[in-house]
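Each chain, letter by letter, is given below.
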Amino acid sequence: MTIHDTFAGAQYVSAILDLAEQHNLVLEIGWDFQHYSAVLAEHRPEQAVGKPFDPALHTMNESNAFWILGWTREGELIHTQAMRMFDLGGLRLSDYLAHNFRDFPPTGLDLDMERSTYRPGPGAGRIGGQVFYHGELWVKRDPRFRGTGLPGALARFAMATCVLRWSPDHIFGFMPEGLAYRGLMEREGYMHSDPGALTWHIKGKDTPLRGFMTYMSHEDLSFILKLPTSETLPALAA
């Protein structure tokens, strides 16, 4: 990462922190996923930590993962998200997911894993090296925060934090088809997607849940962070 990238990233993070403060939101960053899981169990019991970030299943620490929690000043949890590193080595992401996509299920659903499928797209076939998975993105259904542009800005905050610390080759995530069609991908800052990547079958239901794979390269991330915040963040907050 260049000095200019670092400076641009720091400015971007600072601007989003200012935006969060305007919404009475305090952001907490950490890497102790035992703590993260315990916070969710206490403050968001209806939606436990997802499988990709479950500390009972994975070894995560300050060298390979982090989480973000958003609190009101009154101590109410209203936001979560997390990122985790995967070093693919010589593999392409499409090859990795072909065998491991079931490790990234949507939470809170009784899934039929045997019928669920992954369809590799052209983007996943180009992704390799050190990649970060971006998930756990949640904002409480509250008019103080939903519909304000804040969720998209918070997703960009995680991207900028990841770039400043690790400068990864790629960041990727998954998004329900309906949300992608409504523009959430663009609001979060993602520039690319593989549509139709995931098809999750829910037990007892005929209609599956389909998902996009969203992704950004190192060059994409550098470009986003260099965009003037005066042009991007006010639009997000409108």
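It should be emphasised that the depicted structure is a prediction, and the values quoted were computed from it without experimental measurement.

S.K.: Honestly, helix 3 (residues 93-100) in this entry has me stumped. Any pointers?
M.R.: An α-helical segment advances 3.6 residues per turn. Residues three or four places apart therefore align on the same side. Every buried residue of helix 3 is listed here: Leu93, Ser94, Tyr96 and Leu97. Looking down the long axis of helix 3, one finds its buried residues gathered within 160° of arc, a one-sided arrangement. Residues of helix 3 that are buried sit in contact with strand 3 (77-87), strand 4 (111-118), helix 4 (122-126), strand 6 (170-176) and strand 8 (209-217).

S.K.: Even after reading the chapter, I still don't get the sheet that holds strand 2 (residues 65-72), so can you show me in this structure?
M.R.: Each strand in a sheet pairs with another by means of backbone hydrogen bonds, the pair being arranged parallel or else antiparallel. Judged by pairing direction, the sheet is mixed, and its 8 strands sit side by side in the order 1-2-3-5-6-8-7-4 without closing on themselves. The outermost strands of the open sheet, each flanked by one partner alone, are strand 1 (25-30) and strand 4. Strand-to-strand twist in this sheet, taken as the mean axis angle between neighbours without regard to direction, amounts to 25°. Along the sheet, helix 2 (residues 33-43) contacts strand 1, strand 2, strand 3 and strand 5 (130-139); its crossing angle with strand 2, the most-contacted strand, is approximately 35°. With respect to the sheet, helix 8 (residues 218-226) is in contact with strand 6, strand 7 (192-202) and strand 8, its orientation differing from that of strand 8 by roughly 75°.

S.K.: Any chance you could explain empty space enclosed by the protein here in plain terms?
M.R.: If a probe as big as a water molecule is rolled over the atoms, it shows which places are left empty. Per the counting criterion, the structure on display carries 1 cavity of 30 Å³ or more. For the largest cavity, the calculated volume is near 40 Å³. In this structure, the largest cavity is lined by Arg156, Met159, Ala160, Val163, Met216, Leu221, Ile224 and Leu225. Elements represented by at least two residues in the lining of the largest cavity include exactly helix 5 (150-166) and helix 8. Here the lining of the largest cavity takes 4 residues from helix 5, the largest share from any one element.

S.K.: Would you explain the side chain of Asp112 in this entry?
M.R.: One can find Asp112 in strand 4. A polar contact of 3.2 Å, which involves the side chain of Asp112, links it to the backbone nitrogen of Glu114. Excluding anything up to four places from it in sequence, Asp112 contacts His201, Ile202 and Lys203.

What counts and how
Residues numbered from 1 in each chain as written. Predicted model: local features only at pLDDT ≥ 70, side-chain atom pairs only at ≥ 80, totals over all residues. Heavy atoms only, no water. Buried < 20%, exposed > 50% of the residue type's maximum accessible area, 1.4 Å probe, protein only. Helix = DSSP H or I, 4+ residues; strand = E, 2+ residues; numbered from the N terminus. Arc of directions from axis to C-beta. Contact = heavy atoms within 4.5 Å. Pairing = 2+ DSSP bridges. Axes fitted to C-alpha atoms, helices over the stretch in contact; angles between N-to-C directions. 1 Å grid on protein atoms, 1.4 Å probe; cavity = no way out; pocket = protein on both sides within 12 Å on 5 of 7 lines; lining within 4 Å. Points joined across faces, edges and corners; volume = space filled by probe spheres on them. Polar contact = N/O pair within 3.5 Å; in protein donor to acceptor, adjacent residues only side chain to side chain.

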